[in-house]
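Residue-level structural notes
The residues making up each chain are set out below.
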Amino acid sequence: MQEDELYMQRALQLAETAIGYTSPNPMVGCVIVHQGKIIGEGFHRCYGQAHAEINAMESVKDKSLLSQSTMYVTLEPCSHYGKTPPCADAIINAHIPKVVIAAKDTNAKVSGQGISRLIQAGTEVKLGILERQAQWMNRRFFTFHNRQRPYIILKWAQTADGYMDINTPGTINRQSYWITNNALRYKVHSWRAEESAIFCGANTLKNDNPRLNVRYVHGKQPIRISYLHEAIDPELHFFDGSQPSWVFTSAPCKNMPNVITYTVNPCSWIMDMLGILHQQSVLSIIIEGGASVLSAFLQAGLWDEIRVLTGDKYFGKGLAAPAISLLPHHEEWADKDKILYYYHG
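Note that the structure is predicted; figures quoted are calculated from it, not measured.

Considering the pattern of salt bridges
Scanning all chains against the criterion turns up 15 salt bridges. Between arginine 147 and aspartate 304 there is a salt bridge, with the nearest N and O atoms lying 3.2 Å from each other. In this pair, arginine 147 sits in helix H6 (residues 139-147) while aspartate 304 sits in the loop between helix H10 (291-300) and strand E13 (305-310), placing the two residues 157 residues apart along the sequence. For glutamate 288, the salt bridge goes to arginine 192, with nearest N and O atoms at 2.9 Å. Of this pair, glutamate 288 sits in the loop between strand E12 (284-287) and H10 while arginine 192 sits in helix H7 (residues 182-194), and the two are 96 residues apart along the sequence. On the basis of relative accessibility, which here comes to 13%, the residue glutamate 288 falls in the buried class.

Topic: the pairing of strand E1 (residues 29-34)
Consecutive residues of a regular strand have side chains that alternate between opposite faces of the sheet. Across the six residues of E1, six count as buried, placing the element largely inside the fold. Neither face of E1 is open: one carries Gly29, Val31 and Val33, the other Cys30, Ile32 and His34, and all of them are buried. Pairing of E1 with strand E2 (residues 37-43) involves six bridges; the strand directions are antiparallel. Residue histidine 34 lies in a different strand from E2, and its bridge partner there is lysine 37. Linking E1 to E2, which pair antiparallel, is a turn of two residues; within it glutamine 35 sits at a positive phi near 50 degrees. Sheet topology note: the E1/strand E3 (residues 70-75) ladder contains four bridges and is antiparallel. When the bridges of E3 are listed, cysteine 30 appears paired with valine 73.

About the thresholds
Residues numbered from 1 in each chain as written. Predicted model: local features only at pLDDT ≥ 70, side-chain atom pairs only at ≥ 80, totals over all residues. Heavy atoms only, no water. Salt bridge = Lys/Arg side-chain N within 4 Å of Asp/Glu carboxyl O. Helix = DSSP H or I, 4+ residues; strand = E, 2+ residues; numbered from the N terminus. Buried < 20%, exposed > 50% of the residue type's maximum accessible area, 1.4 Å probe, protein only. Pairing = 2+ DSSP bridges.

What follows is the structure, encoded as structure tokens:
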């Protein structure tokens, strides 16, 4: 790696440590270098708190060195007032002579204005160092702003012979069967902590009564979401008030603690829901089922990632998993179980 790439790689590492905590803001890391030595580091730790550039500048013990240093930042510095003042102004006021940026911010509130402000102030700007890596790390953020919807991850578990459940829909006296091992169970909970929201269909809520929370790992609880076309048991975990739950519905729904209801058209509920989630600044959502919901998203082409957990079990019959006519991008093994990863486009 060249020198610029080495420092930007460090900034990317810093940024990713805050995954799950910055939404709807992006993950951003920053490194300040003086005469070949890192003198300051910082990252955006949590939504509403100081941005990476400010934290990095604050970490520099001798502030007089800032006027002789180069800043490496993974995303274009902001140029507008939000929860915090513009970072571009703070960089200019610190007289940092050169700023190396990985990727341009496509948020309409920034979109090149931070770079323009730096250049107009006489700051040397270099753009595009490890750009693809920076864009991938913030794929949720870029999808949200470029496609005007949350980043969508479809996830399910299936047996080696392609079944999601040993029971078929409508079966009386249903039983629950774990398909994958404990290692993948912990993996799923770490995924939940990385996303803004988690979706589960009404049938899965009624049949399995899932908690849809993060309890096996440390992390932020996602917003629980479901689409209900009829009233269901209010005693389900989904309605226990332990974390925010959003109900998208075409039927009346009574008020419950920590539950927000949105009315949608039953013929277009997916698009209506995604539009509302975008309006409410929900950056990403992981869809955990059931089979009909997953198939609906697949058929509509509304997905960015698919993660299929495949267990070392055979059911022989039951509820078939959705079919994918794509080759996986890569796979990951956990003992005899594996995860297949698919990316859209």
